[in-house]
Amino acid sequence: MTKEQSKTGDLGAVTFEAALAELEEIIQQLESGDVELEKSISLYERGALLKAHCESKLRVAEERIEKIVAAGDGTLKGEAASFD
């Protein structure tokens, strides 16, 4: 997916890193003050979607990490045990 496609397309395929980078670009543009009002609103809307996408990706990562818990005997519990 190209950068232009990610700006208008579905966020489902956008990685956390790509979404964060795009969000940082949007913040820089908005902070510069050199963006027309309508463009600013559009950028803000996209930024809100990217923020929600990043938060969702982080929640999923936290849930995966929580499933990787070492048992008292040193073995792994949950889904992580199937990696052996």
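To be clear, the structure that these remarks concern was listed above.
Everything quoted here is computed from the prediction, not taken from an experiment.

S.K.: So, the side chain of Arg-46: which residues are in play, and what are the values?
M.R.: As for its placement among the helices and strands, Arg-46 is situated in helix H3 (residues 37-67). A distance of 2.9 Å separates a polar atom in the side chain of Arg-46 from a polar atom in the side chain of Glu-22.

S.K.: Describe the pattern of salt bridges, with residues and values.
M.R.: Enumeration according to the criterion identifies two salt bridges in this entry. In this structure, Arg-46 engages Glu-22 in a salt bridge whose closest nitrogen and oxygen atoms are separated by 2.9 Å. Taken together, the residues Arg-46 in helix H3 and Glu-22 in helix H2 (residues 16-32) connect sequence positions 24 residues apart. Between Lys-51 and Glu-55 there is a salt bridge whose closest N-O contact spans 2.8 Å. Taken together, the residues span about one helical turn, with Lys-51 and Glu-55 both in helix H3 at a distance of four residues.

Definitions and cut-offs
- Residues numbered from 1 in each chain as written.
- Predicted model: local features only at pLDDT ≥ 70, side-chain atom pairs only at ≥ 80, totals over all residues.
- Heavy atoms only, no water.
- Helix = DSSP H or I, 4+ residues; strand = E, 2+ residues; numbered from the N terminus.
- Polar contact = N/O pair within 3.5 Å; in protein donor to acceptor, adjacent residues only side chain to side chain.
- Salt bridge = Lys/Arg side-chain N within 4 Å of Asp/Glu carboxyl O.

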